[in-house]
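# Chain and residue survey
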Amino acid sequence: MTVYNFSAGPAVLPRPVLERAQSELLDYRGSGMSVMELSHRSSLFEEIIQDAEALLRELMAIPDNYRVLFLQGGASLQFSMVPLNLAKNKKALYINTGSWSKKAIQAAEAVATVEVIASSEDKHFTYIPEITVDNIDQTAAYLHITTNNTIEGTAFQTIPDAGKVPIIADMSSNILANEYRVEDFGMIYAGAQKNIGPAGLTVVIIREDLLNEEAVFAPMLDYRLQSDNGSLYNTPPTYSIYIAKLVFEWLKELGGVAAITAQDRQKAALLYQAIEASNLFSSPVDKNSRSLTNIPFITGDKELDRQFNEAAEAAGFKNLKGHRSVGGMRASLYNAFPIEGVQALVDFMKSFEAEVK
Ligand SMILES: *Cc1c(COP(=O)(O)O)cnc(C)c1O
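Quick caveat, the model's predicted, so the values are computed rather than measured. (Residues numbered from 1 in each chain as written. Predicted model: local features only at pLDDT ≥ 70, side-chain atom pairs only at ≥ 80, totals over all residues. Heavy atoms only, no water.)

Helices and strands together make up the secondary structure of the chain, namely nine helices and 13 strands. Compactness check: the chain gives a C-alpha radius of gyration of 21 Å against a globular reference of 21 Å for 357 residues, within 12% of the reference. Oriented by its inertia axes, the alpha-carbon framework of the chain measures out at about 65 × 60 × 30 Å. Element-wise, carbon and sulfur atoms account for 50% of the exposed surface of the chain, whose accessible area totals about 15600 Å². Here the chain holds 31 positive side-chain charges and 43 negative ones, and the gap between their average locations is 2 Å. (Helix = DSSP H or I, 4+ residues; strand = E, 2+ residues; numbered from the N terminus. Rg over C-alpha atoms; globule rule 2.2 N^0.38 Å. Areas by Shrake-Rupley, 256 points an atom, 1.4 Å probe, with all protein chains shown as cover. Lys, Arg positive; Asp, Glu negative; His and termini not counted. Charge placed at Lys NZ, Arg CZ, Asp CG, Glu CD.)

Another aspect to go through is the pattern of salt bridges. Summed over all chains, the structure comprises 21 salt bridges. A salt bridge links Lys252 to Glu58; its shortest N-O distance comes to 3.3 Å. Taken together, the residues span a long stretch of sequence, with Lys252 in helix α6 (residues 238–254) and Glu58 in helix α2 (residues 43–60) at a distance of 194 residues. Judged by relative accessible area, which is 42%, Lys252 ranks as partly exposed. Put simply, Arg20, Glu24, Lys245 and Glu249 are held in one network by salt bridges that share partners. (Salt bridge = Lys/Arg side-chain N within 4 Å of Asp/Glu carboxyl O. Buried < 20%, exposed > 50% of the residue type's maximum accessible area, 1.4 Å probe, protein only.)

Now for the domain arrangement of the chain. Taken domain by domain, the chain holds domain 1 (15–254) and domain 2 (256–356). Connecting domain 1 to domain 2 are zero salt bridges. In this structure, the connection of domain 1 to domain 2 is made through 13 residue pairs in polar contact (both at pLDDT 80 or more). For the side of domain 1 that touches domain 2, the secondary structure elements donating two or more residues are β7 (154–155) and α6. If you tally residues by element for the side of domain 1 that touches domain 2, the top one is α6, at four residues. Of the residues belonging to the side of domain 1 that touches domain 2, the class tally is 10 nonpolar, 11 polar and four charged. (Domains from an automatic or database assignment. Polar contact = N/O pair within 3.5 Å; in protein donor to acceptor, adjacent residues only side chain to side chain. Nonpolar A, V, L, I, M, F, W, Y, C, P; charged D, E, K, R; others polar.)

Moving on to the layout of surface pockets. Counted as a void, the largest pocket has a volume near 530 Å³. What lines the largest pocket is a set of 23 residues, among which His323, Ser325, Val326, Gly327 and Gly328 lie closest to the centre. Ranked by the residues each element gives to the lining of the largest pocket, the list is headed by helix α8 (residues 302–314), at five residues. Along the lines of polarity and charge, the residues of the lining of the largest pocket split into five nonpolar, 10 polar and eight charged. (1 Å grid on protein atoms, 1.4 Å probe; cavity = no way out; pocket = protein on both sides within 12 Å on 5 of 7 lines; lining within 4 Å. Points joined across faces, edges and corners; volume = space filled by probe spheres on them.)

A few words now on the site of the ligand. Taken together, 13 residues lie around the ligand, and Ser76, Thr150, Asp170, Gln193 and Lys194 are the ones closest in. A distance of 3.0 Å separates an oxygen atom of the ligand from a polar atom in the backbone of Ala75. One of the side-chain N or O atoms of Asp170 is found 2.6 Å from a nitrogen atom in the ligand. Ranked by the residues each element gives to the shell around the ligand, the list is headed by helix α3 (residues 74–86), at four residues. Split by residue class, the shell around the ligand holds three nonpolar, eight polar and two charged. (Near = heavy atom within 4 Å.)

Turning next to the sheet that holds strand β2 (residues 66–71). Reading across the sheet, the seven strands line up as β2-β10-β9-β8-β5-β3-β4 and stay open at both edges, with mixed pairing between neighbours. The sheet is open, and its two borders are formed by β2 and β4 (113–119), each paired with just one other strand. On average, adjacent strands in this sheet sit at an angle of 20° to one another, irrespective of strand direction. Pairing of strand β3 (residues 91–96) with β4 involves six bridges; the strand directions are parallel. (Pairing = 2+ DSSP bridges. Axes fitted to C-alpha atoms, helices over the stretch in contact; angles between N-to-C directions.)

So, on to α3. Given a rise of 1.5 Å per residue, 13 residues ought to cover 18 Å, and the 18 Å separating the end C-alpha atoms of α3 matches this to within 8%. Taken as a whole, α3 carries its principal kink of about 30° at Ser80; the proline Pro83 stands between one and four residues after it. Residues Ala75, Gln78, Phe79, Met81, Val82, Pro83, Leu84, Asn85 and Leu86 constitute the buried set of α3. (Expected span 1.5 Å × (residues − 1). Bend = angle between axes of the 7 residues up to and from the residue.)

The next point concerns the packing of aromatic side chains. Summed over the entire model, instances satisfying the criterion amount to 17 aromatic pairs. Here Tyr94 and Tyr142 contribute two aromatic rings whose centre-to-centre distance is 5.8 Å and whose plane-to-plane angle is 75°, an arrangement assigned as edge-to-face. With Tyr94 in strand β3 and Tyr142 in strand β5 (residues 142–146), this pair connects stretches of sequence that are 48 residues apart. For Tyr142, a relative accessible area of 0% puts it in the buried group. Taking the centre distance of 5.1 Å and the plane angle of 70° together, the rings of Phe281 and Phe308 count as edge-to-face. Residue Phe281 is located in the loop between α7 (256–277) and β11 (294–297), and its partner Phe308 is located in helix α8; the two are separated by 27 residues in the primary sequence. Owing to a relative accessible area of 0%, Phe308 belongs among the buried residues under this scheme. Feature note: the residues Tyr4, Phe6, Phe281, Phe297, Phe308, Phe317, Phe337, Phe348 and Phe352 constitute an aromatic cluster, connected by ring pairs. The cationic tip of Lys123 hangs over the ring face of Tyr127; the distance from NZ or CZ to the ring centre is 5.6 Å. (Phe/Tyr/Trp six-rings, centres within 6.5 Å; stacked < 30°, edge-to-face > 60°. Lys NZ or Arg CZ within 6 Å of the ring centre and 35° of its normal.)

Here the focus is the UniProt feature "binding site: pyridoxal 5'-phosphate" (unreviewed entry) in the chain. Mapped onto this structure's residue numbering, the UniProt feature "binding site: pyridoxal 5'-phosphate" (unreviewed entry) falls at Ala75, Ser76, Trp100, Thr150, Asp170, Gln193, Asn234 and Thr235. Sequence-wise these annotated residues cover 161 residues; spatially they are dispersed, their C-alpha atoms as much as 30.3 Å apart. Locating Trp100 in the fold gives a position in helix α4 (residues 99–109). Once you skip the residues sitting within four places of it in the chain, Trp100 turns out to touch Ser76, Phe79, Thr150, Ile151 and Asp170. Residue placement: Gln193 occurs in the loop between β9 (187–191) and β10 (202–207). Residues contacting Gln193, with those up to four places away along its chain left out, are Gly9, Pro10, Ala11, Pro198 and Ala199. (UniProt positions renumbered as here; feature names shortened; annotations may be inferred. Contact = heavy atoms within 4.5 Å.)

Following this line, the structure appears as structure tokens:
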């Protein structure tokens with residue numbers, strides 16, 4: 001049975017990447033060792049982390065005045081690191097667009113002065129609120145946004161104009177799945193396990209002038225220290241960085257971010273069209289706020305949702321169940337997810353609908 005993995009994260013990885021990792025598993029480049037067994041100070045690993053950075057810089061066209069960091073602790077640790085490093089003696093602004101934004105806000109409130117300038121919680125996070133530059137206090141340290149709301153299935157369609165205030169973006173679920181201009185952000189961060197590689201790695205892209213002047217009380221939480229040490233202040237997640245490098249190589253070979261986002265748009269359109277054409281399934285999300293990478297859909301009947309999820313799971317459509325806070329179904333269509341899997345799901349939805357009628 002063909003298995004299609006719709007997981008929101010840890011998520012599907014490109015098959016050629018897994019095959020390459022398999023072929024190099026026992027003996028990395030004639031070293032007689034696995035990448036997992038290499039010293040993080042060895043020249044072989046140094047090459048891996050440098051290549052990973054160079055490839056990511058190329059894929060995202062990251063300007064020279066931005067540093068790239070490979071950290072740990074997930075996107076969730078960034079919820080605390082961002083305010084600790086950047087919001088000293090200054091107010092931090094947030095837009096609350098979903099469960100992850102909310103967690104970021106709660107973490108920031110513990111260490112900084114926070115103002116939530118817009119929220120879509122009034123309608124269960126089913127839309128992206130509009131803001132204009134007039135809403136932004138120009139003395140604020142930063143404006144934090146979640147570009148793609150993994151659980152609710154919404155995404156910013158344009159990046160807000162924040163004037164001089166740097167935008168900090170949690171891009172965990174759509175980094176490399178949209179042609180963002182890095183210059184539009186002061187900092188971008190993403191847990192790797194959605195669109196980059198295995199869990200355990202967090203990518204941070206930060207503009208140099210935002211690096212903290214004063215040391216943060218805990219060295220591991222200090223961007224400048226991490227940056228000055230080339231992400232090797234302590235032992236980094238070496239194998240996750242290696243797999244991320246292979247994913248970046250795969251993406252580059254496919255034609256880079258422009259090519260993959262064209263595919264992502266096709267995949268999303270296929271599923272949204274099927275949802276719109278259906279008399280059973282519908283999208284709980286405002287049409288103008290839809291995500292391309294995480295697509296929730298519902299029948300409106302919890303028992304039918306349950307039946308659908310059970311039948312889908314048995315037919316090889318794995319991890320389609322919606323997040324426990326939202327219910328229904330959710331298809332996560334990250335870069336590595338094949339279009340054949342979307343077509344197969346659409347066919348399955350049609351036959352399910354025909355059956356229950
Ligand atoms: C998954 C996710 C997180 C949490 O990531 P961890 O790496 O588990 O901490 C945060 N923000 C967004 C948008 C996510 O999708």
